Structure formats: structure tokens, C-alpha cells
Amino acid sequence: MSEQPPLDATFFAFKRRERRFVLTSVAIAYYLLLLLIGVVLVALSWNAWNGLISWYLGVLGVLSSGVAPSPPDQEIVLALAPYSLAFVPISLLLFAAFEAACLRWLLRGEAGGGFFGMKLDADTWRVLGVYGLWIVCFVLLILSLTVFYGALMAFSSLGGAARVVAMLCGALAPIGFLALLIWGAVSFAPAAATSIGRRKFTFISARKVSKPRYWPLLTAFLLVIVGYVIVASIISAIFQIPINNAMAPVMAAMMSGNDGPHLMALVQEAFFTPTMLAILAANMLVSFVLATVYYIATFGVNARAFEAAAEAGDVERG
């Protein structure tokens, strides 16, 4: 990758290969499974969701009157908590299977197996292990920030020159932490790709991949991120026009002091029409497609970095 321009890594995932639509089928399988899991969890907690919806309708009814809304019943929150907490590790495992399937195809040319490539094999557990270490690193960073600013406040309490030094350090520290965050994110970004490419779990060894090609890797990520933000902003602005027009009478009624049932009737009248439902569905579909392209592009950047490292002899293929 150090000998290649950044765009080579940016679009690596979308290069023409011997089989077409492999990544497309994997992405569709991922969203179908994610939807299935969401439907199952909502069905299991439907009674609690009914209570939460009723509370929300009641909030709409009192907001316009200027009365502070009451919080939702604690029993409703407690009933939903186990399902919400269960969704986090399940969705993380599913995303690990998605990334593993994409990287298997990009690095080893392996496709199929499981549900359109989505399977709980050793590669998936390797990727999930990388996610676990990322979470540990994030927690350690938060703890480091807490300790640093706690020590800075204690030092500042000494007064005099100590206060000036503490204020200066406090002003410069965010820049240092941001630089550290970017360095760590780029340096260990290829950890999942390296684990798949070497067929064994690794995290620290990702530095062998990223160190000689840090700046091209950073540039490729910036191109992907900036491109995603620009396209997402344009699409969001386009879809927001009809949504804002539909919400105008609802907001006017809310400002006029109408009650909850009347507001919900206006919402149904504005949004439950074939045209508006089609617009909302198109917005959701385009958002999913754009997010998927972003995910796969980042997988491709990391895969290309590993390919370049393997070609240069920095790491061995598994």
C-alpha cells in the first residue's frame, strides 16, 4: 500500500473480481438477520412497548399545555432493559460475522457457506475478539481522561503558577488526546483484516501492517469518511424537504395547544399516505445502502493494507 495511491485502497473492496455480487448478498443477509433479531426482541417485549407508546402519546398531549411531562413508569423501563441489553452483544456478533464474511472474500476469495456467507466460524470469533479489545481500549481511554483531569484539578487547586500551568495543560490536552486517538485508530484499524488474513487472532501485529503505510492508510480513511459525510448530507437534505412539509401542520397544531389524540390524528394524516410511506421507505433504504457502502469501503481499506503488507513481506498469510 505504501507504493500505491490512497485511492487504490479507498475503492479496493469494489474492484471487479471473478464473482459478482458476493458482498451484496452478504450485506442483504446481514440486514435480514438483523431485522429478524429486532422483530423477535420486539415481539418478546411487546407488552412493555405498548406501555411506552401509551406514555409517549400522553407526553404529546401535555407538551402543548406547558405542563412538564412525567417520566415513563419504571416497570416499563425495567421490562425493556433486558431486551435492549441483549440486542447489543447479539448485534455486535452479527456485525462481526458480516465483517468476517466480507474480509474472507476480499482477502482469501472465499464466499458462501452459512447464510450467504454469514456464519459463526473461527473468523467471526476472531473479529469479535478484535471488537472486544477495541472496547477495552476505549474504556481505558475514558479512565485515563478521568484520571488526567482529576489530577489536573488537584494540581490547579495549589494556586499560583500551578493554576496557570494546569489551565495551559487543560487547553492543550484535548489536542494531544485527539492525536493519540487518531494514531491508535489508524494504527490498529487493520487488526480484523490481519486476523482473517493470517487465520489467527491478532491485534498488536496490526502495527506491522499499518506502520510502514500509516499516511496512505489515514488518507484512504479520510477519503471514505469525507465522501460518506458529503453524500449522506446531500441525501438527508433532499429527503428532509417532503418530511418537513408533512410535519408543518403537526408543529403548527402543537404550538396552538392541541391535545395528544388530535396531534396523532394529524401525524397519521400526514405520514400514513402511499406517497409519504414510499418516501420514508426510500429514505430508509438509501440510508442502509449508503451505510453498507461505507462499511464495506472501510473493510476494503484494511484488506488492501494487509495485502500490501503481505506483498512486502511484513506479515505472512495464514
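These figures come from a predicted structure and were not determined experimentally.

## With respect to the layout of surface pockets
Where empty space is left can be seen by rolling a probe of water-molecule size over the atoms.
Right, so step 1: Its boundaries defined by the atoms lining it, the largest pocket holds a volume of some 810 Å³.
Right, so step 2: Forming the walls of the largest pocket are 28 residues, and the residues nearest its centre are W134, G184, A185, V186 and A189.
Right, so step 3: Within the residue set of the lining of the largest pocket, elements represented by two or more residues are α4 (74-108), α5 (122-156), α6 (161-187), α9 (214-255) and α11 (274-312).
Right, so step 4: Looking at which element gives the most residues to the lining of the largest pocket, the answer is α5, with 7 residues.
Right, so step 5: The residue inventory of the lining of the largest pocket, partitioned by class, reads 24 nonpolar, 3 polar and 1 charged.
Right, so step 6: Quantified by volume, the second largest pocket comes out at close to 570 Å³.
Right, so step 7: Lining the second largest pocket are 23 residues, and of these F21, L23, T24, A27 and I296 lie nearest its centre.

## A look at the packing of α5 against α6
Right, so step 1: Remark: α5 packs on α6, axes separated minimally by 9 Å, with the N-to-C direction vectors making an angle of 170°. When the interaxial angle is binned, α5 and α6 end up roughly antiparallel. Residues W134, L141, L145, F148, Y149, L152, F155 and S156 of α5 form the contact with α6, whose participating residues are A162, R163, V165, A166, C169, G170, A173, P174, F177, L181, G184 and A185.
Right, so step 2: Looking at the contact of α5 with α6 residue by residue, the class counts come to 16 nonpolar, 3 polar and 1 charged.

## Overview of a nonpolar patch on the surface
Right, so step 1: Together, L92, I135, V136, F138, V139, L140, I142 and L143 line one region of the surface with nonpolar side chains, adding up to about 690 Å² of accessible area.
Right, so step 2: Sort the elements by how many residues they give to the nonpolar patch and α5 lands first, with 7 residues.
Right, so step 3: Residue position: I142 is located in helix α5.
Right, so step 4: Exposure remark for I142: the relative accessible area of 37% places this residue in the partly exposed category.

## Some details on the pattern of salt bridges
Right, so step 1: For the structure shown, the criterion picks out 9 salt bridges.
Right, so step 2: Close ionic contact of R199 with E110 constitutes a salt bridge, the shortest N to O distance being 3.1 Å. Placement of R199 in the loop between α7 (191-198) and α8 (206-210) and of E110 in the loop between α4 and α5 is noted, with a sequence separation of 89 residues between them.
Right, so step 3: Note on R199: relative accessible area 38%, which makes it partly exposed.
Right, so step 4: Taking the relative accessible area as the measure of exposure, E110 reaches 31% and is therefore partly exposed.
Right, so step 5: Among the salt bridges present, the one from E311 reaches R304, with a minimum N-O distance of 3.9 Å.

The rules we used
- Residues numbered from 1 in each chain as written.
- Predicted model: local features only at pLDDT ≥ 70, side-chain atom pairs only at ≥ 80, totals over all residues.
- Heavy atoms only, no water.
- 1 Å grid on protein atoms, 1.4 Å probe; cavity = no way out; pocket = protein on both sides within 12 Å on 5 of 7 lines; lining within 4 Å.
- Points joined across faces, edges and corners; volume = space filled by probe spheres on them.
- Helix = DSSP H or I, 4+ residues; strand = E, 2+ residues; numbered from the N terminus.
- Nonpolar A, V, L, I, M, F, W, Y, C, P; charged D, E, K, R; others polar.
- Axes fitted to C-alpha atoms, helices over the stretch in contact; angles between N-to-C directions.
- Parallel < 35°, antiparallel > 145°, perpendicular 65-115°, else oblique.
- Contact = heavy atoms within 4.5 Å.
- Patch = residues over 30% accessible without salt bridge, like charges linked within 9 Å, V, L, I, M, F, W, Y side chains within 5 Å.
- Areas by Shrake-Rupley, 256 points an atom, 1.4 Å probe, with all protein chains shown as cover.
- Salt bridge = Lys/Arg side-chain N within 4 Å of Asp/Glu carboxyl O.
- Buried < 20%, exposed > 50% of the residue type's maximum accessible area, 1.4 Å probe, protein only.

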